[in-house]
Amino acid sequence: MEERLVFSKSKDDKTNQQIDMERIPNHIAIIMDGNGRWAQKRHLPRVAGHKQGMQTVKKITIAASELGVKVLSLYAFSTENWKRPSSEVSYLMQLPVRFFSTFVPDLIKHNVKVMVMGDITQLPEATQEAVQNAIKDTADCNGMILNFALNYGSRDEITQATKQIVAEVKAGKLNIDDVDEDTINNHLMSKQLGEFADPDLLIRTSGEERISNFMLWQIAYSELEFVSEHWPDFDGESLKKAIASFQRRHRRFGGLQNQ
Ligand code: IPE
Ligand code: IPE
Ligand code: MG
């Protein structure tokens, strides 16, 4: 056991973080927040923060994959982010094109499979194409799943699932008494993540402590970690620190600790 412990220096408190490689969370979900504030602090336009944030996505994807994470879900664009100025929205829509055009070979090298949650049909043609190609090009990878939430909103997801279930009941394909939690799970966009649909650890950067419509159903028993760093400043050490914090928690799922 001893040799499976990894030590890492934490940037914030300079103490050594001890990570148990046998207890890495299977599914880590991240609300990548603070790009705009990161840029503003440097007197740069907000989009400079999104550009730098893309580099963080690359770094954290590799770091998570090397730690043995099974699913990394990244909240990239919410159903509410359309409210932003159109210039910022257009920039955000171009990012997947840039990201995948440079990063797919690395994803394949690390055996990472790309998946997407959200209504991508509403995205510009070029963005849809970049996403579809990345999904196709990494379809044979069987390592970590990199699950992007793009034009994703949990209330929208639950609404769509409800509509599908009602339609099945109406069509006589489903008995109303058979509707249970698994029925809901099987109609959510996270169904494609199989046994790892529910995040074990949810991290939000930038100091905000809210969920902002992300995976509401799936995080029922996730451990929540709110960190002060803005997303562009988040790095492999920050990830290890969050995992170390996760490993100090006692998950009870409504039961008792020593059951
Ligand atoms: C997160 O950073 C990226 C997206 C939501 C697309 P923000 O753009 O929300 O940055 P802040 O929160 O305004 O600093
Ligand atoms: C949540 O961040 C969405 C993403 C990270 C994509 P926001 O910046 O949009 O959330 P609020 O508006 O601060 O709640
Ligand atoms: Mg924000």
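Because the structure is predicted, anything quoted here is derived from the model rather than measured.

Draft legend 1. Representation of the nonpolar core in the model. Counting residues in each nonpolar core, the largest one holds 47 residues, and the members touching the most others are I28, I30, L72, F100, I203 and L239. No other element matches the 10 residues that helix α3 (residues 86-109) contributes to this core. Beyond its immediate chain neighbours, meaning those up to four positions away, I203 contacts I28, A29, I30, I31, E225, V227, F234, L239 and A242. Among the nonpolar cores identified, the runner-up in size contains 11 residues, and I31, Y75, I211 and F214 belong to it.

Draft legend 2. Spatial organisation of the UniProt feature "binding site: Mg(2+)" (unreviewed entry) in the protein. Mapped onto the present numbering, the UniProt feature "binding site: Mg(2+)" (unreviewed entry) falls on D33 and E223. With respect to the secondary-structure elements, D33 resides in the loop between β3 (27-31) and α1 (35-41). Here D33 falls in the buried class, since its relative accessible area comes to 16%. Here D33 is in contact with R204, T205, S206, E208, H230 and W231, once residues within four sequence places are set aside. Within the structure, the side chain of D33 is placed 3.3 Å from the side chain of R37, a separation counted as a polar contact. Among the secondary structure elements, E223 is positioned in strand β8 (residues 223-226). Sequence-distant contacts of E223, defined by excluding residues within four places in its chain, comprise D200, L201, L202, F246, R249 and R251.

Draft legend 3. Quick look at the site of ligand 2. Neighbouring ligand 2 are the residues I31, M32, D33, Y75, A76, F77, S78, N81, R84, R204, R210 and S212. In isolation ligand 2 has 390 Å² of accessible area, and contact with the protein removes 77% of it. No other element matches the 4 residues that strand β4 (residues 71-78) contributes to the shell around ligand 2. Counted by class, the shell around ligand 2 contains 5 nonpolar, 3 polar and 4 charged residues.

Draft legend 4. The arrangement of the pairing of strand β5 (residues 113-117) in detail. A large share of β5 lies buried, amounting to 4 of its 5 residues. In terms of strand pairing, β5 meets strand β6 (residues 145-152) through 5 bridges, oriented parallel. Counted as the bridge partner of V116 is F148 from β6.

Draft legend 5. Broad picture of the site of ligand 1. M32, D33, R37, R46 and R84 are the nearest of the 13 residues found near ligand 1. Within the backbone of G34, an N or O atom sits 3.3 Å from an oxygen atom of ligand 1. At 2.9 Å from an oxygen atom of ligand 1 is found a main-chain nitrogen or oxygen belonging to G36. For ligand 1, whose accessible area on its own is 380 Å², the fraction buried by protein is 86%. Broken down by secondary-structure element, the contributors of at least two residues to the shell around ligand 1 are α1, α2 (46-67) and α3. If one sorts the elements of the shell around ligand 1 by residue count, α1 sits on top with 3 residues. Looking at the shell around ligand 1 residue by residue, the classes come out as 3 nonpolar, 5 polar and 5 charged.

Rules used throughout
- Residues numbered from 1 in each chain as written.
- Chains lettered and ligands numbered in written order.
- Predicted model: local features only at pLDDT ≥ 70, side-chain atom pairs only at ≥ 80, totals over all residues.
- Heavy atoms only, no water.
- Core = buried A, V, L, I, M, F, W, Y, C linked by side-chain atoms within 4.5 Å.
- Buried < 20%, exposed > 50% of the residue type's maximum accessible area, 1.4 Å probe, protein only.
- Helix = DSSP H or I, 4+ residues; strand = E, 2+ residues; numbered from the N terminus.
- Contact = heavy atoms within 4.5 Å.
- UniProt positions renumbered as here; feature names shortened; annotations may be inferred.
- Polar contact = N/O pair within 3.5 Å; in protein donor to acceptor, adjacent residues only side chain to side chain.
- Near = heavy atom within 4 Å.
- Areas by Shrake-Rupley, 256 points an atom, 1.4 Å probe, with all protein chains shown as cover.
- Nonpolar A, V, L, I, M, F, W, Y, C, P; charged D, E, K, R; others polar.
- Pairing = 2+ DSSP bridges.

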